[in-house]
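# Reading the structure
Next come the chains, spelled out residue by residue.
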Amino acid sequence: MVYKNSRLDSTRAQSSQPNQEQEYQKMVNKLKPNPPYLRNALAAFSVGGFICALAQASINLFLQLGLTTHDAGTATVVLMILMGALLTGLGIYDDLGKFAGAGSIIPITGFANVIVASALEWKREGYIFGVAAKMFTIAGPVLVYGIITSALIAIIILFWG
Amino acid sequence: MAFLIGGTICLIGQLIMDLTPFSVTPSHALVGFVVGGSILSALGLYQPLINMGGAGATIPLSGFGHALTQGAIEGVKTKGMIGALSGGIEATAVGVGAAIIFGYIITIFTPQG
Amino acid sequence: MRFKRIGKQSILFNHPPKIISTASVVGPKEGEGPLKETFDLIIKDNLFGEKSWEKAESKILQEAVRIALEKVKLNREEIDLFLAGDLLNQTISANFAARQLGIPFFGLYGACATLVEGLILGSVLIDGAYAENIIAAVSSHHDTAERQFRFPREMGHQRPVTAQWTVTGAGAIILAKGEKGPRITGATVGKVVDFGIKDQNDMGSAMAPAAADTIIRNFRDTNTGPDDFDLIVTGDLALIGKTLAQQLIEREGYILGDKFTDCGLLIYDPVQDTHAGGSGCGCSAVVTCGYLLDSMKSGKYKKIMLVGTGALLSPLSILQGESIPGIAHAVVIENFI
């Protein structure tokens, strides 16, 4: 009979032996290529630096137009977000991100990118459960943890500062 | 100077993403930078970076964390406990508002795939 | 009647069903790859005239079925069963294609092993005389898969070096009784194997143990070895997974050498920047329907083992910290002259 020798042990149970999993992980690690560290680092540094330099130029321009330091900074943030949003809509920011990695993720333009990309992606599912509901799927955690951290810090300072 | 400071902050982000064994996604990186910026700001270490690098320190997301923290601290000083809740959001309202509104408007485009 | 089951997990057919027609439809990127001459239709953009990528994927699948039927001048009414699947939640591409086609339908899910799953079930039904003509078809779409499993398409990020590129494409195979030509003579149904890989950007490594398990099982059940085959081809293990599977198999004493290849490596040129290679249901389907079966008809290969490989993860299971289970099914295809 065919089923005579079949045992009830599942394959998962067999492979759950930690030895086998560890040994396999070693085989995988041996074969895994490394990311191109130097190229990625250079690209992140130069693109990130360039975006910040662009923002600085905008701050300087607003200051020359007579805005206060605070307002010039705020106006620049708005401008950078607009730029990030627009480049996302035009389908340019994803290519930039592929080239620059953290260089285009970490600046505020990257924050705009994740919001706009999520919103755009869900356009076809409608404007309530699509665009609006999904807009913060990736950027939401930033606000949640940012606000929690800052509020905690402020409370600590209020009581013990 | 903005170029150097901003570039260096992004470089740190890239190294974290490339060197960690678990794949750190952009979401993780963004959250890490906001929280990191908040904490550095509370320790008084972020303002010197801004004095030095200007937009190089305010434009990376750590600058967003700094703005949140300074806003919350300011709120606590003027309004007490309520200020801890409102201060950070007030200080960053323009950025978040801009992101939501521009994000919504940009949906006139279609994703290209 | 001879018992058709052999060994623990394998089947030998009494009257091996014939692959009477195949069709492949691919996206623009696949259409620029090294196999571009072997595809029946290359669509110009990923939307294929539809309003969403999901609708486009379903249309690609219908198109593949339509072309496969046209090649042998069969009507939809003459098809007894449509066995199809894809990667999307609730396999909507296949379901909606079946809605348009109006053929009795079983929806299948075996991740990227779905085509071979369909071929095995279809062959069993034909050999058992439960059906005359059966279509097995699958589809995948780069953009629908990215948005379901990874990030929004317009988000700027770097894909990890181990990542694979989901193929936009669909393949359809019509099975029927027949004498001459490529016929499915045997099959091995795989077990789910999980070696604890959790990195969803490295699915080749997650699936390699399942592929190795099924291939070794086929050798043992049918008392054969690599020498009995002209080619052993896996679905979408890609660069790292293929090497791992080969190591695992050779450790058991079966030397595969250069008889072992992978559809995920065949479909793209390394300069196309897909990192580890192709993946998705469509990957093994379009390579099989085009290049592999063409090569059999031209006599380059007489007997091959096609091993569909699937990673049975979901975005939820990954978030919950589950490892990625793999599955692999094999069919043996022989050319009868």
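## Description of the interface of chain B and chain A
Across the contact, 58 residues belong to chain B and 65 residues belong to chain A. Across the interface of chain B and chain A, roughly 5200 Å² is buried in total on both sides, 82% from carbon and sulfur atoms. Counting across the interface, chain B meets chain A through zero salt bridges. For the pair chain B and chain A, the number of links is seven residue pairs in polar contact (both at pLDDT 80 or more). The set of elements that each furnish at least two residues to the side of chain B that touches chain A consists of helix H1 (2–19), helix H2 (26–42), helix H4 (55–58), helix H5 (61–79) and helix H6 (81–105) of chain B. Broken down by element, the side of chain B that touches chain A gets its largest block of residues, 14 residues, from H1 of chain B.

## A look at the nonpolar core
The biggest cluster of nonpolar side chains holds 54 residues, and the ones touching the most others in it are Ile108, Phe111 and Val142 of chain A together with Ile59, Leu61 and Phe64 of chain B. For this core, the element with the highest residue contribution is helix H7 (residues 108–121) of chain A, accounting for nine residues. With near-sequence residues (within four places) excluded, Ile108 of chain A lies in contact with Met80 and Ile81 of chain A together with Ile59, Leu61 and Phe64 of chain B.

## Quick word on the packing of aromatic side chains
Taken as a whole, this structure holds eight aromatic pairs over all chains when the rule is applied. Aromatic side chains Tyr24 of chain A and Phe195 of chain C sit 5.2 Å apart centroid to centroid with 80° between the ring planes, which places their arrangement in the edge-to-face category. On the criterion of chain membership, the pair formed by Tyr24 of chain A in helix H2 (residues 18–31) and Phe195 of chain C in the loop between strand E10 (181–188) and helix H5 (203–222) is interchain, its members lying in two chains. Overall, Tyr24 of chain A belongs to the buried group, its relative accessible area being 1%. Centroid distance Phe82 of chain C to Phe105 of chain C: 5.6 Å. Interplanar angle 35°. Geometry classified as tilted. With Phe82 of chain C in strand E5 (residues 81–85) and Phe105 of chain C in strand E6 (residues 105–107), the pair connects residues that are 23 residues apart, well separated along the chain. Through a chain of ring-to-ring contacts, three or more aromatic side chains come together here, namely Phe219, Phe229 and Tyr254 of chain C. Over the ring of Phe48 of chain C we find Lys59 of chain C, and its NZ or CZ is 4.5 Å from the ring centre. Above the face of the Phe229 of chain C ring, Lys303 of chain C is positioned so that its terminal group lies 4.8 Å from the ring centre.

## Focus on helix H2 (residues 92–101) of chain C
Residues and elements named next belong to chain C. Among the residues of H2, Ser93, Ala94, Ala97, Ala98 and Leu101 are the ones counted as buried. Angularly, the buried residues of H2 cover 130° about the axis, an arc narrow enough to put them on a single face. Of the surrounding secondary structure, the elements contacted by the buried residues of H2 are helix H1 (53–71), E5, E6 and strand E7 (134–140). Gly102, located one to two residues past H2, shows a positive phi value of around 65°.

## Topic: the interface of chain B and chain C
Every contact between the two is made by seven residues of chain B and, on the other side, ten residues of chain C. Taken together, both faces of the contact between chain B and chain C bury some 660 Å²; the carbon and sulfur share is 60%. In terms of surface lost to chain C, no three residues of chain B exceed Pro26, Pro111 and Gly113 of chain B, which account for 56% of the buried area on that side. Remark: the boundary between chain B and chain C carries one residue pair in polar contact (both at pLDDT 80 or more). Within the side of chain B that touches chain C, the residues separate by chemical class into two nonpolar, five polar and no charged.

## Looking at the side chain of Asp262 of chain C
Residue and element names in this part refer to chain C. On the secondary structure map, Asp262 appears in strand E12 (residues 260–262). Buried within the structure, Asp262 lacks any salt-bridge partner; Lys242 is the closest side chain of opposite charge, at an N-O distance of 8.3 Å. Side-chain polar atoms of Asp262 contact the backbone nitrogen of Leu237, separated by 2.8 Å. Here the side chain of Asp262 touches Gly264 through a polar contact of 2.9 Å, landing on its backbone nitrogen.

## Here's the deal with the pattern of salt bridges
Residue and element names in this part refer to chain C. In the structure shown here, the tally under the stated rule is 18 salt bridges over all chains. The partner of Arg150 in a salt bridge is Glu146, with the nearest N and O atoms 3.0 Å apart. Looking at Glu146, the relative accessible area reads 3%, which means it is buried. Residue Arg183 is joined to Glu179 by a salt bridge in which the shortest nitrogen-to-oxygen separation is 3.6 Å. Since its relative accessible area comes to 7%, Arg183 is described here as buried.

## Observations concerning the environment of Ala176 of chain C
All names here are of chain C. If you trace the backbone, Ala176 turns up in strand E9 (residues 169–176). Between the C-alpha atoms of Ala176 and Ser21, which are 155 residues apart in sequence, the distance is 9.2 Å. Residues contacting Ala176, with those up to four places away along its chain left out, are Pro17, Lys18, Ile20, Ile126, Glu132 and Asn133.

## Focus: a nonpolar patch on the surface
A surface patch of nonpolar side chains, about 950 Å² in accessible area, is lined by Val144, Tyr145, Ile148, Leu152, Ile156, Leu158, Phe159 and Trp160 of chain A together with Met81 of chain B. If one sorts the elements of the nonpolar patch by residue count, helix H9 (residues 140–160) of chain A sits on top with eight residues. With respect to the helices, strands and loops of the structure, Met81 of chain B is situated in helix H6. Here Met81 of chain B falls in the partly exposed class, since its relative accessible area comes to 42%.

## Points about the domain arrangement of chain C
Residues and elements named next belong to chain C. Domains assigned within chain C are domain 1 (15–176) and domain 2 (181–336). Look at where the C-alpha atoms of domain 1 and domain 2 centre, and you get two points 18 Å apart. Contacts between the two partners involve 53 residues from domain 1 and, on the opposite side, 59 residues from domain 2. Around 4200 Å² of area is buried between domain 1 and domain 2 when both sides are counted, 66% of it from carbon and sulfur atoms. Area buried by domain 1 at its contact with domain 2 is led by Leu35, Cys112 and Gln164, which between them contribute 16% of it. Counting the contacts that link domain 1 with domain 2 gives zero salt bridges. For the pair domain 1 and domain 2, the interface holds 18 residue pairs in polar contact (both at pLDDT 80 or more). Among the secondary structure elements, those contributing two or more residues to the side of domain 1 that touches domain 2 are strand E3 (18–26), helix H3 (114–127), E7, helix H4 (142–149), strand E8 (165–166) and E9.

Reading guide: rules and limits
- Residues numbered from 1 in each chain as written.
- Chains lettered and ligands numbered in written order.
- Predicted model: local features only at pLDDT ≥ 70, side-chain atom pairs only at ≥ 80, totals over all residues.
- Heavy atoms only, no water.
- Contact = heavy atoms within 4.5 Å.
- Buried area = accessible area lost by both parts, 1.4 Å probe.
- Salt bridge = Lys/Arg side-chain N within 4 Å of Asp/Glu carboxyl O.
- Polar contact = N/O pair within 3.5 Å; in protein donor to acceptor, adjacent residues only side chain to side chain.
- Helix = DSSP H or I, 4+ residues; strand = E, 2+ residues; numbered from the N terminus.
- Core = buried A, V, L, I, M, F, W, Y, C linked by side-chain atoms within 4.5 Å.
- Buried < 20%, exposed > 50% of the residue type's maximum accessible area, 1.4 Å probe, protein only.
- Phe/Tyr/Trp six-rings, centres within 6.5 Å; stacked < 30°, edge-to-face > 60°.
- Lys NZ or Arg CZ within 6 Å of the ring centre and 35° of its normal.
- Arc of directions from axis to C-beta.
- Nonpolar A, V, L, I, M, F, W, Y, C, P; charged D, E, K, R; others polar.
- Lys, Arg positive; Asp, Glu negative; His and termini not counted.
- Patch = residues over 30% accessible without salt bridge, like charges linked within 9 Å, V, L, I, M, F, W, Y side chains within 5 Å.
- Areas by Shrake-Rupley, 256 points an atom, 1.4 Å probe, with all protein chains shown as cover.
- Domains from an automatic or database assignment.

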